[in-house]
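# Survey of secondary and tertiary structure
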Amino acid sequence: MSVALTEFVRSLPKAELHIHLEGSLEAEMLFRLAERNDVALPWPSADALRGAYRFDSLQSFLDLYYQGCRVLVREQDFYDVTRAYLARAHADGVVRAEAFLGPQSFTERGVPVGDILGGVLRAMDDARAEDGISAGLVVTAQRHRSEADAFTLLDSVSPWADRIAGFGLGGAEVGNPPSRFTRYFRELRQLGFKTTAHAGEEGPAAYVREAVELLQVDRIDHGIRALDDPNLVELLAASRIPLTVCPLSNVKLKAVSRLVDHPLPAMLAAGLTVTINSDDPAYFGGYVVDNYVQCAQAFGLSADALAALAANSIAASFLSDAEKDALGNVS
Ligand code: HPA
Ligand code: ZN
């Protein structure tokens with residue numbers, strides 16, 4: 001891998017907009033937290049756990065990912081995983097991180113929502129103070145659960161409303177279309193929250209259309225399957241709805257067979273507002289800079305193209321225009 005290319009990508013001020021904090025939990029920390037919290041794991045070692053990172057679908061990944069979530073129990077655990085991700089992101093030249101966390105995995109086991117959000121937000125405050133990185137929490141609902149559960153989640157986090165950057169939708173996509181959450185997203189919009197939803201990762205282009213037309217989201221997470229529907233591509237291009245694309249995730253979960261087969265170049269050629277992100281970096285073999293660098297190598301992206309992708313990411317963030325301008329000036 002070219003050191004110069006990596007250093008160039010690192011030097012670009014960029015936002016990461018699609019990163020699950022639970023998916024940034026590295027195997028060593030996962031084992032440390034399991035010991036600290038007396039949680040039994042089905043793997044004998046961190047190496048054995050890493051050896052299990054072979055997936056053939058989103059669901060095969062989620063099964064392992066939810067196992068890993070069991071080690072996050074106390075406020076300090078949520079602090080530690082968030083602080084470690086933000087330190088790594090800062091080292092990668094990320095000046096703004098909008099990070100997902102799905103409280104339902106934890107509240108169902110009795111973890112108080114105040115401990116979850118408290119730890120994450122305290123780490124975000126410390127990262128801002130110590131490294132100057134701007135961070136926002138995007139609270140995700142799991143789509144395999146009911147819309148009523150999503151409303152319960154919204155109620156439970158409402159005391160922290162002024163600290164929440166937005167709301168998202170994740171989890172098992174196929175069979176759980178965005179239309180199941182129309183009333184929930186309407187409520188989020190009426191409350192003035194920014195929204196985003198995973199759509200078109202494994203699910204069809206029709207799910208992307210539902211996320212745009214029914215949920216009226218501000219961003220689409222993944223969205224690669226949108227290319228199957230040329231009319232939808234035109235709609236996405238005209239409306240400039242940003243897509244948070246995660247190329248290494250798509251390869252690891254077999255949404256595409258090899259990186260060179262990834263639709264990123266076609267998405268750029270179609271005029272879509274594309275950003276590059278890591279999704280679940282501990283599990284998918286790369287942080288955000290690795291995603292940029294491997295795409296640059298696979299597709300021969302120019303320095304200008306890489307800089308445009310980084311600029312897209314800041315423009316697509318949920319910050320105000322004034323806040324974006326201030327970030328763009330960070331060197
Ligand atoms: N898709 C849906 N849900 C998720 C993902 C993903 O890639 N990662 C963590 N939760
Ligand atoms: Zn994701």
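To start, this report covers the structure provided alongside it. Starting from 1, residues in each chain are numbered consecutively following that chain's sequence as written. In the order they appear in the text, chains get letters beginning with A and ligands get numbers beginning with 1. Residue-level local features of this predicted model are given only where pLDDT is at least 70; pairs of side-chain atoms are given and counted only at 80 or more, and the full residue set underlies all totals for whole chains, interfaces and linings. Only heavy atoms go into the side-chain values, all of them from the structure, while hydrogens and water stay out.

### What about the pattern of salt bridges?
Think of it this way: side chains of opposite charge can pair up when their charged atoms draw near. Inclusion rule: Take a side-chain nitrogen of Lys or Arg and a carboxyl oxygen of Asp or Glu: if they are within 4 Å of each other, that pair is a salt bridge. Strands are runs of DSSP state E lasting at least two residues, helices are runs of H or I lasting at least four, and both sets are numbered from the N terminus onward.
With the rule as written, the count across this model stands at 18 salt bridges. Measuring nitrogen to oxygen at the nearest pair gives 2.7 Å for the salt bridge that ties R50 to D47. A residue pair is termed a helical-turn pair when its members lie 3 or 4 positions apart in one helix, as R50 and D47 do in helix α3 (residues 46-51) at three residues. Two residues, D125 and R163, come together in a salt bridge whose shortest N-O distance is 2.9 Å. One end of the pair, D125, is in helix α7 (residues 113-131); the other, R163, is in the loop between α8 (147-157) and β4 (164-170), with 38 residues separating them in the sequence. Salt bridges here are not isolated pairs; linked through shared partners, they connect E7, R10 and D92.

### Quick notes on empty space enclosed by the protein
Just so we agree on the cut-off: The rule is simple: put a 1 Å grid over the protein atoms alone, call a set of points where a 1.4 Å probe fits but cannot get out a cavity, call an open set with protein on both sides within 12 Å along at least five of seven lines a pocket, and count a residue as lining if it has an atom within 4 Å of a point. Grid points are joined across faces, edges and corners, and a volume is the space filled by probe spheres set on the points. The classification used treats Ala, Val, Leu, Ile, Met, Phe, Trp, Tyr, Cys and Pro as nonpolar, Asp, Glu, Lys and Arg as charged, and all other residues, Gly among them, as polar.
Tallied over the entire structure, the rule returns one cavity of 30 Å³ or more. The space that makes up the largest cavity amounts to roughly 190 Å³. Residue composition of the lining of the largest cavity, by class: eight nonpolar, nine polar and four charged.

### Some points on the packing of helix α10 (residues 205-213) against helix α11 (residues 230-239)
Going by this rule: In this analysis an axis means a line fitted to C-alpha atoms, helices contributing only their contacting stretch, and an angle means the value between N-to-C directions, from 0 to 180 degrees. Left-handed describes a crossing whose near helix is turned anticlockwise from the far helix through less than a right angle; right-handed describes the clockwise counterpart. By definition, residues are in contact when any of their heavy atoms lie within 4.5 Å.
Relative to each other, α10 and α11 sit at 35 degrees, their axes nearing to 10 Å. Relative to α11, the crossing made by α10 is left-handed. Each of A205, V208, R209, V212 and E213 in α10 lies in contact with α11, whose residues at this interface are N231, L232, L235 and L236. Its residues assigned to classes, the contact of α10 with α11 shows six nonpolar, one polar and two charged.

### Some details on the sheet that holds strand β7 (residues 243-245)
Threshold: Following DSSP output, two strands are said to pair if at least two bridges run between them.
With parallel pairing, four strands are arranged side by side in an open sheet as β5-β6-β7-β8. Looking at the sheet topology across the chains shown, the edges are occupied by β5 (196-199) and β8 (274-276). On average, each strand axis in the sheet is tilted by 30 degrees relative to the strand beside it, whichever way the strands run. Two strands pair when backbone bridges link them, and strand β6 (residues 219-222) and β7 are joined in this way by two bridges, in the parallel orientation. Across the sheet, the residue bridging to D221 is T244, located in β7.

### With respect to the pairing of β5
To keep things clear, this is the line we draw: Classification of residues uses two cut-offs on accessible area relative to the type maximum, computed with a 1.4 Å probe and protein chains only: under 20% is buried, over 50% is exposed, and between them is partly exposed. Every crossover in which the path from the first strand over the helix to the second runs clockwise, viewed with the strands pointing away from the viewer, is termed right-handed.
Here β5 shows a buried face lined by T196 and H198 and a second buried face lined by A197 and A199. Taken together, the four bridges between β5 and β6 define a ladder with parallel strand orientation. Following the sheet pairing, T196 is matched in β6 by R219. In this view, the connection linking β5 to its parallel neighbour β6 by way of α10 has right-handed handedness.

### Quick word on unusual backbone geometry
One non-glycine residue with positive phi stands out, namely Q216, at about 55 degrees. Here Q216 shows up in the loop between α10 and β6. Positive phi, close to 70 degrees, is recorded for D279, a residue that is not glycine. By secondary structure assignment, the location of D279 is in the loop between β8 and α14 (281-284). Exposure remark for D279: the relative accessible area of 2% places this residue in the buried category.

### A look at helix α2 (residues 27-37)
Those residues of α2 that sit buried are A27, M29, L30, F31, L33, A34 and N37. Downstream of α2 by one or two residues, D38 has phi in the positive range, about 60 degrees.

### A word on the sheet that holds strand β2 (residues 94-101)
An order of β1-β2-β3-β4 is seen for the four strands of this open sheet, with the pairing classed as parallel. With partners counted over all chains shown, the strands left at the sheet margins are β1 (14-16) and β4, one partner each. Looking at each pair of strands side by side, their axes are set apart by 20 degrees on average, direction ignored. Where β1 meets β2, three bridges bridge the pair, whose relative direction is parallel. Bridge pairing in β2 links K14 to V94.

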